[in-house]
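Coordinate analysis (summary)
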Amino acid sequence: MEVSRRLRIAPDTVCTWRRRFLGRGLDGLCDESRPGVPRKITDADAERGIIRTLEETPKNAAHWSASSMAVATGMSQSTVSRIWRAFALAPHRSQTFKLSTDPLSIDKVRDVVGLYLDPPEKALVLCVDEKPQIQALDHSQPVLPMTPGVPERRSHNYISAGTTTLFAALKVATGKVIGSLHRRHRASSSRSSWPSSTRKSRTACRFI
């Protein structure tokens, strides 16, 4: 009972393994053959599927699916899914990361977060973002490949080929979206995007 309590297992399990050890020694501690259909997928087959998942990509898709991997390896789709679950592989998942080279990045983040947590009196906080018309051609950092338990990761930063910049903001009081298109991404373009009433207001404004 002391062994079952310390290991948090049933007393019958302790008796079974003790009886097998007394009768057959160390050989009795080895796993015995189980009933049912013999195993068809070997460890080598599983390793081949794992290596292919981590090091290759299908020709006509961005990542493997269970069905496409099943066709490529000759295994069933359910077998591929079980192998992926056992090794925590998720080819369909992708995470992003961002590395800042700005030495004042932490101070700027604190300033921005502070505006939302404790804004000055009679202040209007505007959160501004930009959207290039043309999508990015490539990421500035190499893609970190998927590993067991960790999905593929890629940087937020990219090398842009855009020629048009969209400045937009949401007027919370009315729900109106303020937007403007500019060919160049400059601070003067950002300031000129807002209505004259907003720019001439005496209310303190902070562009982020």
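Coordinates for the structure precede this section.
Reference entry: report on the structure contained in this document. All values reported here derive from a predicted model rather than from experimental measurement.

**Structural notes on the packing of helix α4 (residues 66-73) against helix α5 (residues 77-86)**
With their axes 8 Å apart at the nearest point, α4 and α5 run at an angle of 110° to one another. With respect to α5, the axis of α4 lies roughly perpendicular. Note on element contacts: α5 touches α4 through Gln77, Val80, Ser81 and Trp84, opposite Ala66, Ser67, Met69, Ala70 and Thr73.

**Remarks on the pattern of salt bridges**
Under the defined criterion, the tally for this structure stands at four salt bridges. Across the pair Arg48 and Asp45 runs a salt bridge, and its minimum N-O distance is 3.3 Å. Taken together, the residues Arg48 and Asp45, both in helix α3 (residues 43-55) and three residues apart, mark about one turn of the helix. Ionic pairing is found between Asp102 and Lys108, a salt bridge with its closest N-O pair at 2.6 Å. With relative accessibility at 28%, the residue Asp102 sits in the partly exposed group.

**A word on the environment of Ile159**
Here Ile159 lies in strand β6 (residues 158-159). Taking the relative accessible area as the measure of exposure, Ile159 reaches 52% and is therefore exposed. When the C-alpha atoms of Ile159 and Ser140 are compared, they prove to be 5.9 Å apart, with 19 residues separating the residues in sequence.

**Focus: the environment of Ser4**
Structurally, Ser4 is set in helix α1 (residues 2-7). Measuring from C-alpha to C-alpha, the distance between Ser4 and Val14 comes to 6.4 Å, with ten residues separating the pair along the chain. Discounting chain neighbours no more than four positions away, the residues touching Ser4 are Ile9, Ala10, Pro11 and Val14.

**A closer look at the nonpolar core**
Ranked by size, the top nonpolar core spans eleven residues in total: Ala46, Ile50, Trp64, Ala66, Met69, Ala70, Met75, Val80, Ile83, Trp84 and Leu89. At the level of elements, α3, α4 and α5 are the ones that each hand at least two residues to this core. Among all residues touching Ile83, those that are not within four sequence positions of it are Ala46, Ile50 and Met75.

The rules behind each value
Residues numbered from 1 in each chain as written. Predicted model: local features only at pLDDT ≥ 70, side-chain atom pairs only at ≥ 80, totals over all residues. Heavy atoms only, no water. Axes fitted to C-alpha atoms, helices over the stretch in contact; angles between N-to-C directions. Helix = DSSP H or I, 4+ residues; strand = E, 2+ residues; numbered from the N terminus. Parallel < 35°, antiparallel > 145°, perpendicular 65-115°, else oblique. Contact = heavy atoms within 4.5 Å. Salt bridge = Lys/Arg side-chain N within 4 Å of Asp/Glu carboxyl O. Buried < 20%, exposed > 50% of the residue type's maximum accessible area, 1.4 Å probe, protein only. Core = buried A, V, L, I, M, F, W, Y, C linked by side-chain atoms within 4.5 Å.

It is worth stressing that arrangement in space is one thing and function is another; only the former is reported here.
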